[in-house]
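Summary of the model geometry
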Amino acid sequence: MHILLTGAAGFIGAHVARLLLDRGDTVVGLGNLNSYYDPQLKRDRLARLTRDAGFRFVQADVPATYADVSALAAWTGFRPATSIDDGVGRFVAWYRGYYNV
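Below is a short write-up of the structure.

Rules used throughout
- Residues numbered from 1 in each chain as written.
- Predicted model: local features only at pLDDT ≥ 70, side-chain atom pairs only at ≥ 80, totals over all residues.
- Heavy atoms only, no water.
- Helix = DSSP H or I, 4+ residues; strand = E, 2+ residues; numbered from the N terminus.
- Buried < 20%, exposed > 50% of the residue type's maximum accessible area, 1.4 Å probe, protein only.
- Contact = heavy atoms within 4.5 Å.
- Salt bridge = Lys/Arg side-chain N within 4 Å of Asp/Glu carboxyl O.

Turning to the overall build of the chain, a few remarks are in order. Helices and strands together make up the secondary structure of the chain, namely three helices and four strands. Overall, the chain shows an N-to-C arrangement of helices and strands of β-α-β-α-β-β-α. Per-residue burial for the chain yields a buried fraction of 31% across its 101 residues. Across the chain, every contact between residues at least 6 apart in sequence was considered, and the portion connecting residues at least 24 apart equals 74%.

Here it is, written out as structure tokens:
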């Protein structure tokens, strides 16, 4: 199966990508590599995934449409100070991305 996986550089997304690749799927990982937490962690995960010929990464935001999608793009973790300060902004960003998928 051909799969577009949003949030592929994140902790959960990278593990899902690995499982999909191990079962024989081809995966296009999509992410914007924002700096909400250390982008080097994301690049390290992607380096491990790109060793597999069935994986390709595209640095971009969530597209308007795609066939078979697992929507894992999200703000990571729950940090009360930032969640309270920008809770609505985070929800709107998540909702727009999920709606577009």
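Inspection of the secondary structure puts Gly-10 in the loop between β1 (2-6) and α1 (11-22). Separated by 31 residues in sequence, Gly-10 and Leu-41 have C-alpha atoms that sit 8.4 Å apart. Aside from chain neighbours lying at most four places away, what touches Gly-10 is Tyr-37 and Arg-45.

Moving on, we get to unusual backbone geometry. Outside of glycine, negative phi angles account for most residues, and trans bonds account for most peptide bonds. Non-glycine residue Leu-33 carries a positive phi angle of around 50 degrees. Within the element layout of this structure, Leu-33 appears in the loop between β2 (26-31) and α2 (39-49). You can call Leu-33 buried: its relative accessible area is 17%.

This part covers the pattern of salt bridges. Tallied over the entire structure, the rule returns three salt bridges. Residue Arg-18 pairs with Asp-52 through a salt bridge whose shortest N-O separation is 2.9 Å. With Arg-18 in helix α1 and Asp-52 in the loop between α2 and β3 (55-59), this residue pair connects regions lying 34 residues apart in the sequence. With a relative accessible area of 29%, Arg-18 lands in the partly exposed category. With a shortest N-O distance of 2.3 Å, Asp-25 and Arg-23 are connected by a salt bridge. Asp-25 sits in the buried class, given a relative accessible area of 7%. With relative accessibility at 54%, the residue Arg-23 sits in the exposed group. Salt bridges sharing partners connect three or more residues here, namely Arg-18, Asp-22 and Asp-52.

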